[in-house]
Amino acid sequence: MSVRFYIGKRRLEMALEQFPHKEQIEVEYKSFELDPTAPKYTDQSIYEALAAKFQSSEAQVREMNKGLIQQAADIGLTYNYDDMKPTNTFDAHRLAKFARTLDKEKELTENLLHGYFTDSKNVGDTETLVDIAEATEIDRNKVLEVLNDETAFADEVRNEEKTAQQIGATGVPFFVVNNKYSISGAQPLETFKGALEKIWEEENPKPKFQDLSLDGDNGAVCTDDSCADPTDKN
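Going by an unreviewed UniProt entry, the protein carries the name Protein disulfide-isomerase and comes from Sediminibacillus albus.

Take a look at the structure:
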């Protein structure tokens, strides 16, 4: 999972809370795997996995992530880096697509992210995913049925990933608004707020002012200290 995704997600949510038209905004989550080849289980720590990925030392990774940990803390998120478990997230994505059919994708996504970054859970492990889904009030047996069928919701995940590639997404977070605008990265809160306001104004322009009085008829308009009705013959 991307360490920046949770931060970007929370900043967007904070911006939406302050947005006057928030009730008219619908948020959808789309699948995107940073590393589809990642194993479900590994003896590597998160630092070792990232060091190998970026061809750097563990010390450099630790130093690099200090800023991200602080950014997370600044918006109320806790990142327990020392105990995070690198894993493959494909099943988690399949589970999220199943949760969407139950109108619970938003809640499940939040619980998955909290489970991974804060509770240091392996969100590639089937039993762990079942527990997280059950905590989201999704039937345990139905979740097991989905996860045990490798084809269940697999096409939905792959199709969303393909679409993401087609529109130019190379990492997460990546936000698309009305299929016209994009915001890449865990941008500052003010950036999200400004983007929401700008897009709303462009998508919902105010009507132009129109004068509906008869052409050339200024009869009842006051132009000085007196107002005379031109129809008054006296």
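Alright, that's what it looks like, and here's the rest.
Engineer: Account for the side chain of E110, with residues named and values stated.
Structural biologist: With respect to the secondary-structure elements, E110 resides in helix α5 (residues 105-117). A polar contact is formed between the side chain of E110 and the side chain of R10, at a distance of 2.9 Å. Sequence-distant contacts of E110, defined by excluding residues within four places in its chain, comprise Y6, K9 and R10.

Engineer: So what's going on with the packing of helix α4 (residues 90-101) against α5? Residues and values would help.
Structural biologist: Packing of α4 against α5 leaves a shortest axis separation of 8 Å and a crossing angle of 150 degrees. Between α4 and α5, the angle falls in the class roughly antiparallel. Contacts between α4 and α5 involve A92, L95, A96, K97, A99 and R100 from the former and E105, L108 and L112 from the latter. Its residues assigned to classes, the contact of α4 with α5 shows 6 nonpolar, no polar and 3 charged.

Engineer: Explain the nonpolar core to me, and be specific about the residues and the numbers.
Structural biologist: In summary, soluble globular proteins display a tendency toward joint burial of nonpolar side chains. One finds Y79, Y81, L95, L108, F117 and V143 to be the most contacted residues of the largest nonpolar core, which totals 36 residues. Only α1 (3-17), α2 (46-54), α3 (58-74), α4, α5, α6 (126-135) and α7 (140-148) provide two or more residues apiece to this core. Other than its neighbours up to four places away in sequence, Y81 contacts V3, I46, Y47, L50, N65, L68 and I69.

Engineer: Describe the packing of aromatic side chains, with residues and values.
Structural biologist: Taken as a whole, this structure holds 9 aromatic pairs when the rule is applied. Between Y47 and Y81, the ring centres sit 5.9 Å apart and the planes meet at 25 degrees, which makes this aromatic pair stacked. Placement of Y47 in helix α2 and of Y81 in the loop between α3 and α4 is noted, with a sequence separation of 34 residues between them. You can call Y47 buried: its relative accessible area is 6%.

Analysis parameters
- Position numbers for residues count from 1 along each chain, tracking the sequence in the order it is written.
- Predicted model: local features are reported for residues with pLDDT of at least 70 only, side-chain atom pairs are reported and counted for 80 or more only, and whole-chain, interface and lining totals are derived from all residues.
- Excluding hydrogens and water, the side-chain values take into account all heavy atoms of the structure.
- A run of H or I in DSSP counts as a helix once it spans at least four residues, and a run of E counts as a strand once it spans at least two, with each numbered from the N terminus.
- Any N or O atom pair separated by 3.5 Å or less is treated as a polar contact, with the protein-specific requirement of one donor-capable and one acceptor-capable atom, and with residues adjacent in sequence counted only for side-chain atom pairs.
- Contacts are assigned to residue pairs that have any heavy atoms within 4.5 Å of one another.
- Interaxial angle, 0 to 180 degrees, is taken between N-to-C directions of lines fitted to C-alpha atoms, where a helix line uses only the stretch in contact.
- Should an angle lie under 35 degrees it is considered roughly parallel, over 145 roughly antiparallel, and from 65 to 115 roughly perpendicular; all remaining angles are considered oblique.
- Polarity classes work like this: nonpolar for Ala, Val, Leu, Ile, Met, Phe, Trp, Tyr, Cys and Pro, charged for Asp, Glu, Lys and Arg, and polar for all others, with Gly in that last group.
- Take the buried residues of types Ala, Val, Leu, Ile, Met, Phe, Trp, Tyr and Cys, join any two whose side-chain atoms come within 4.5 Å, and each joined set is a nonpolar core.
- Under the scheme applied here, a residue whose accessible area is under 20% of the maximum for its type counts as buried, over 50% as exposed, and between as partly exposed, the area being computed with a 1.4 Å probe on protein chains only.
- In summary, the pairing rule links any two rings of Phe, Tyr or Trp, Trp by its six-membered ring, whose centres are within 6.5 Å, and it sorts them by plane angle into stacked for under 30 degrees, edge-to-face for over 60 and tilted for everything else.

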